[in-house]
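Each chain, letter by letter, is given below.
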Amino acid sequence: MYLLPKLKYNFDQLAPVIDAKTVEIHYTKHHQGYTDKLNAVLEGHEDLLQMDITELLSKIDELPEGVRPSVRNNGGGYSNHNIYWDTMTPGGNDMISHELRAAIKVDFGGVDALKEKLLSEAASRFGSGWAWLIVDANNNLSVISTPNQDSPYMEGITPILGVDVWEHAYYLNYQNRRPDYLEAWWGIIDWKAVSDRYAEALV
Ligand code: MN3
């Protein structure tokens, strides 16, 4: 059974970057919906319901055909939003670890260059999807994007920061101005949480 994680903040605390109504609908309707549909499709598959979500997604190609498309969409949606909420904090913080800062310097040239690359990837993702900072099997960082609710875990790589570019994430506030949402969103990143995810991702 997969459970909707509690948010680290109230619905109104990401404002003015993300308004309270958007957070509430996104969390209580969209994220809850993915969670409920994931549990429903896995009913009767106790082994799969017991798995850590990252393991379930990494085994997407081995799952029974009858559940695979729904796990891709709803399991992906469940996990992606867990990371999205965890990536943000009211007002943002700069508590980036020395290790992560050093790795960003090596792989991108610096935090500003990472920002430019990530926001550009997110802005140019056609239609609905996500942009990610990921750690690959060689412990290198890179920026990727995924369509729909596809998860980096399905490709054997570990997301440590993720931004939702589905219109439901920003439309009330920003309408079609995705780049404005992204620029504002960069300011509410929880670098402590991202640094923790980086430390856990290293193998
Ligand atoms: Mn979403």
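Residues numbered from 1 in each chain as written. Predicted model: local features only at pLDDT ≥ 70, side-chain atom pairs only at ≥ 80, totals over all residues. Heavy atoms only, no water.

At a minimum axis distance of 9 Å, the contact between helix H5 (residues 98–108) and helix H9 (residues 191–201) shows a crossing angle of 80°. When the axis of H5 is compared with that of H9, the two are roughly perpendicular. Note on element contacts: H9 touches H5 through Trp-191, Val-194, Ser-195 and Tyr-198, opposite Glu-99, Leu-100, Ala-103 and Ile-104. Of the residues in the contact of H5 with H9, the class split is 6 nonpolar, 1 polar and 1 charged. (Axes fitted to C-alpha atoms, helices over the stretch in contact; angles between N-to-C directions. Helix = DSSP H or I, 4+ residues; strand = E, 2+ residues; numbered from the N terminus. Parallel < 35°, antiparallel > 145°, perpendicular 65-115°, else oblique. Contact = heavy atoms within 4.5 Å. Nonpolar A, V, L, I, M, F, W, Y, C, P; charged D, E, K, R; others polar.)

Counting along an α-helix, one turn takes 3.6 residues, and residues three or four places apart therefore face a common direction. Residues Trp-191, Ala-193, Val-194, Ser-195, Arg-197, Tyr-198 and Ala-201 constitute the buried set of H9. Two to three positions downstream of the cap, the backbone nitrogen of Lys-192 sits 3.2 Å from a side-chain oxygen, assigning the N-cap of H9 to Asp-190. (Buried < 20%, exposed > 50% of the residue type's maximum accessible area, 1.4 Å probe, protein only. Polar contact = N/O pair within 3.5 Å; in protein donor to acceptor, adjacent residues only side chain to side chain.)

In this section: the nonpolar core. Counting residues in hydrophobic clusters, the biggest one holds 63 residues, and the most contacted among them are Ile-18, Leu-56, Tyr-84, Leu-141, Tyr-181, Trp-185 and Trp-191. Residue contributions to this core peak at 6 residues, all from strand S1 (residues 129–135). Setting aside chain neighbours within four positions, we find Tyr-84 in contact with Ile-18, His-26, Trp-130, Gly-162, Val-163, Asp-164, Ala-169, Tyr-181 and Trp-185. (Core = buried A, V, L, I, M, F, W, Y, C linked by side-chain atoms within 4.5 Å.)

To continue, consider the coordination of the manganese ion. Listed as protein donors to the manganese ion are His-26 (NE2), His-81 (NE2), Asp-164 (OD) and His-168 (NE2); their distances from the metal cover 2.0 to 2.2 Å. All donor residues of the manganese ion come from one chain, and their arrangement in sequence is H-x54-H-x82-D-x3-H. In this pair, His-81 sits in helix H4 (residues 68–87) while Asp-164 sits in strand S3 (residues 158–164), placing the two residues 83 residues apart along the sequence. (Donors = N, O, S within 2.8 Å, 3.2 Å for Na, K, Ca; no water.)

Attention now moves to the pattern of salt bridges. In the structure shown here, the tally under the stated rule is 7 salt bridges. Between Lys-59 and Glu-55 there is a salt bridge, with its nearest N and O atoms 2.7 Å apart. The salt bridge partner of Lys-192 is Asp-196, with a shortest N-O separation of 2.9 Å. Taken together, the residues Lys-192 and Asp-196, both in helix H9 and 4 residues apart, mark about one turn of the helix. Exposure remark for Lys-192: the relative accessible area of 36% places this residue in the partly exposed category. Overall, the relative accessible area of 36% leaves Asp-196 in the partly exposed class. (Salt bridge = Lys/Arg side-chain N within 4 Å of Asp/Glu carboxyl O.)

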